[in-house]
Amino acid sequence: MAIGQIKEEQMHAAQGRPDRQGNFAKGKIPRLILSIAVPTTVAQLTQLLYSLADRVYLGHLHDLSTAALTAIGLCLPLIAIILAFCNLFSAGGMPLCSMARGRGNDEEAALLQGNTCALLLWSGLAIMLLSYAAMRPLLYLFGASDQSYPYAREYLEIYLLGTVFAQLGTGMMPFISVQGRASRAMLYVISGAVLNIILDPIFIFYLDLGIRGAALASVIAQLVVCLLVLHFLLSKAAVLPFARRHLKLNWKRSRRIMGLGSAGFVMSSTNGVVQIACNLTLRSFGGDALIGIMTVLMSVRDLIFEPTKCLTHSAQPVIAYNYGAGIRPRIYEAVRFMTWVTVLYLGAAWLLIFLFPEYILRLFNADGHILEAGVHALHIYFFGFFFMAFHSCGQSTFVGLGMSKKAIFFALFRKILIVVPLTLLLPHCFGLGSDGVFLAEPISNVLSGIVCFGVMWLTLKHLTVKSR
């Protein structure tokens, strides 16, 4: 981009709205981020709600609620791995595509988009086939017992059919937002979510399919979202072309995509590792019921944390675009905005969790024993919850700047170097027992939040000084 053009855009940066071509060098930074974050948050919350709907409905199954929640908890590590591969390609391809658009190279952006789609397609097929082949040993590795394995198998046998649909629908969704069509992406997700929420009670209760019905509803919803996303990308409404030639795998582009997306991959896959560690430890200290409680707590965490994740992820294309265009002050402004908003939001959420724990838990299960034990675990698990905002802001900034090594390090730092060791060790210390498993999360939030954000801030200061 020419120097004169950059100066002109900086002069007008405080005016106007983001254009429909996804030009993030113009307009106010908060408005730019929110223009993506608001529809994205609505879409992702709706998508998360339809995945949580399975747990809500199954948590109220007569005589089978605890077994059903435990089964979902056993499947979560594999679901996290599937999401990890989606993030590996999507979270890598989207910022690179945005950087290419910031440099005015739409052809390269289209090739990056197509390459990402091809990677999502082939990885989805491979994961589905491998998961079917190794289902039994995987579920026992994830903490299944002879009593809980049949329920987990019933769910997974159906759920895996939608692996390719989930990969393409979820993975290609950010490319719609990058093209300035975040509202359309929101509508697509809502369509799938509403369908899933309608189908869940029909399949689970009316057709008496139980846990299989929940999985079937998810697969159908994933298929609908996938078809809607691909239809838009192939239509004339898309800014970037999406022809067959763009789908050809290119090793150089694939390596760049996976290099930058490795942070998202590590974040998601380590969620699976943490879930496995929790399942195995809780089974030793309290059996399948505690695995069900942890499933509920993680569901609550995902639901409340989703707006934070959406906001910080929505800042990535803004940061990446301005980094590609060489406008450093706007990067700095974007980081400050998302940090203040997410810290205040998670602080308020923590207060509500502390004051009204039973109301939150009753959404997922009405069993008296689960509620009593769950309130105690919830207070421990969510202590200092707002520190997650600092880690999320630091992580997203590193990804937006294309600093994949730092992003990967801090993803590993939080989950592998802090959460997993503490999950395995704390239950044996000071007589903590199962409380030690729930205590590992807040300790990791504080430590990783302070360190990750501190390093990111120093890095950002260096970039700002360098640009002067």
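Residues numbered from 1 in each chain as written. Predicted model: local features only at pLDDT ≥ 70, side-chain atom pairs only at ≥ 80, totals over all residues. Heavy atoms only, no water.

A. Looking closely at a nonpolar patch on the surface. A cluster of nonpolar residues, Val 194, Ile 198, Ile 202, Tyr 206, Leu 207, Leu 209 and Leu 216, forms a patch on the protein surface that exposes about 640 Å² of accessible area. Looking at the nonpolar patch element by element, the count peaks at four residues for helix α8 (residues 182-206). Of note, Leu 209 is situated in the loop between α8 and α9 (211-233). On the accessibility criterion, Leu 209 (37% relative accessible area) is partly exposed. (Patch = residues over 30% accessible without salt bridge, like charges linked within 9 Å, V, L, I, M, F, W, Y side chains within 5 Å. Areas by Shrake-Rupley, 256 points an atom, 1.4 Å probe, with all protein chains shown as cover. Salt bridge = Lys/Arg side-chain N within 4 Å of Asp/Glu carboxyl O. Helix = DSSP H or I, 4+ residues; strand = E, 2+ residues; numbered from the N terminus. Buried < 20%, exposed > 50% of the residue type's maximum accessible area, 1.4 Å probe, protein only.)

B. How the structure looks around the side chain of Thr 295. Topologically, Thr 295 is positioned in helix α11 (residues 288-325). The buried category is assigned to Thr 295, whose relative accessible area is 0%. Only 2.8 Å separates the side chain of Thr 295 from the backbone oxygen of Ile 291, close enough to count as a polar contact. Ignoring any residue separated from it by four or fewer positions in sequence, one finds Thr 295 in contact with Arg 55, Leu 69, Ile 72, Gly 73 and Leu 76. (Polar contact = N/O pair within 3.5 Å; in protein donor to acceptor, adjacent residues only side chain to side chain. Contact = heavy atoms within 4.5 Å.)

C. Geometry of the packing of α11 against helix α15 (residues 387-400). For the pair α11 and α15, the least separation of the axes is 8 Å and the interaxial angle reads 25°. Viewed along their axes, α11 and α15 adopt a mutual orientation that is roughly parallel. Once α11 is placed against α15, the crossing between them reads as right-handed. When α11 is examined against α15, the residues Phe 305, Thr 308, Lys 309, Thr 312, His 313, Gln 316, Ile 319 and Ala 320 are found in contact with a partner set consisting of Met 388, Ala 389, Ser 392, Cys 393, Ser 396, Thr 397, Val 399 and Gly 400. (Axes fitted to C-alpha atoms, helices over the stretch in contact; angles between N-to-C directions. Parallel < 35°, antiparallel > 145°, perpendicular 65-115°, else oblique. Left-handed = near helix turned anticlockwise from the far one by under 90°.)

D. Just the pattern of salt bridges, in detail. Under the defined criterion, the tally for this structure stands at ten salt bridges. Here Asp 106 makes a salt bridge to Arg 101, at a shortest N to O gap of 3.4 Å. Bridged by salt links that share partners, the residues Arg 301, Asp 302, Arg 414 and Glu 441 form one connected network.

Spatial relationships are all this shows, so hold off on functional conclusions.
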